[in-house]
Amino acid sequence: MEYQFDNEKPIYIQLVELIKKEIVSGRMKSGEKIPSVRELAVQAKVNPNTVQKALAELERFGLIYTERTNGKYVTENTDIIKNYRNELIGERVNSFLTDMINMGVGSEEIAEYLNQLKGDQNSEASRMQKFI
């Protein structure tokens, strides 16, 4: 996992977002053991208390759970993961559409552009053609 933090938000919130993305993308698998607080702190180059706060938040969301003396694990509840995945997708789509509207781009123009990308074999939209 790549850790790059900015000064816009508290680091623990950025850690929550990064780990949440790893879980909902499937890069961290359901039931997979999460590295220890110390390991994550070293990897991210942050204070262990910051990592602990992020993991507590993820546990509060139900995305991870603790097994006494065995550590923390990614939830095995696929419904929770799916709900957070859909939430993240919705946030990104809404952000994109808001940016387009603020630029004065209408829905027909957006659709036209996406259709053009669909025909471009090198574009991400082309690879996702079955979804558009």
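About the thresholds
- Residues numbered from 1 in each chain as written.
- Predicted model: local features only at pLDDT ≥ 70, side-chain atom pairs only at ≥ 80, totals over all residues.
- Heavy atoms only, no water.
- Salt bridge = Lys/Arg side-chain N within 4 Å of Asp/Glu carboxyl O.
- Helix = DSSP H or I, 4+ residues; strand = E, 2+ residues; numbered from the N terminus.
- Core = buried A, V, L, I, M, F, W, Y, C linked by side-chain atoms within 4.5 Å.
- Buried < 20%, exposed > 50% of the residue type's maximum accessible area, 1.4 Å probe, protein only.
- Contact = heavy atoms within 4.5 Å.
- Expected span 1.5 Å × (residues − 1).
- Pairing = 2+ DSSP bridges.

**Description of the pattern of salt bridges**
Item 1. Summed over all chains, the structure comprises 4 salt bridges.
Item 2. Here Lys 72 makes a salt bridge to Glu 59, at a shortest N to O gap of 3.3 Å. Linking Lys 72 in strand 2 (residues 71-74) with Glu 59 in helix 3 (residues 48-61), this pair joins segments that are 13 residues apart in sequence.

**Overview of the nonpolar core**
Proteins that are soluble and globular tend to have nonpolar side chains buried together.
Item 1. One finds Leu 15, Ile 23, Ile 34, Val 51, Leu 55 and Leu 58 to be the most contacted residues of the largest nonpolar core, which totals 23 residues.
Item 2. Within the residue set of this core, elements represented by two or more residues are helix 1 (11-24), helix 2 (37-44), helix 3 and helix 4 (78-102).
Item 3. Ile 34 has contacts with Met 28, Leu 40, Leu 55, Ile 64, Lys 72, Tyr 73 and Val 74, leaving out every residue within four places of it along the chain.

**Looking at the environment of Asn 94**
Item 1. Along the chain, the position of Asn 94 falls in helix 4.
Item 2. For the pair formed by Asn 94 and Lys 82, sequence separation is 12 residues and the distance between their alpha carbons is 18 Å.

**Observations concerning helix 1**
Item 1. The end-to-end C-alpha separation of helix 1 is 20 Å, in line with the 20 Å expected for 14 residues at 1.5 Å each.
Item 2. Taken as a whole, helix 1 has its buried residues at Gln 14, Leu 15, Val 16, Ile 19, Lys 20, Glu 22, Ile 23 and Val 24.
Item 3. In the core, the buried residues of helix 1 are packed alongside helix 2, helix 3, strand 1 (64-67), strand 2 and helix 4.
Item 4. Among the residues trailing helix 1, Gly 26 stands out with phi positive, at a value near 90°.

**Let's talk about the pairing of strand 2**
Consecutive side chains along a regular strand alternate between the two faces of the sheet.
Item 1. In this sheet, strand 2 lies alongside strand 1 in antiparallel orientation, the contact comprising 4 bridges. Bridged to Glu 67 within strand 2 is Gly 71.
Item 2. Between strand 1 and the antiparallel strand that follows it, strand 2, lie 3 residues; Thr 69 among them carries a positive phi value of about 65°.

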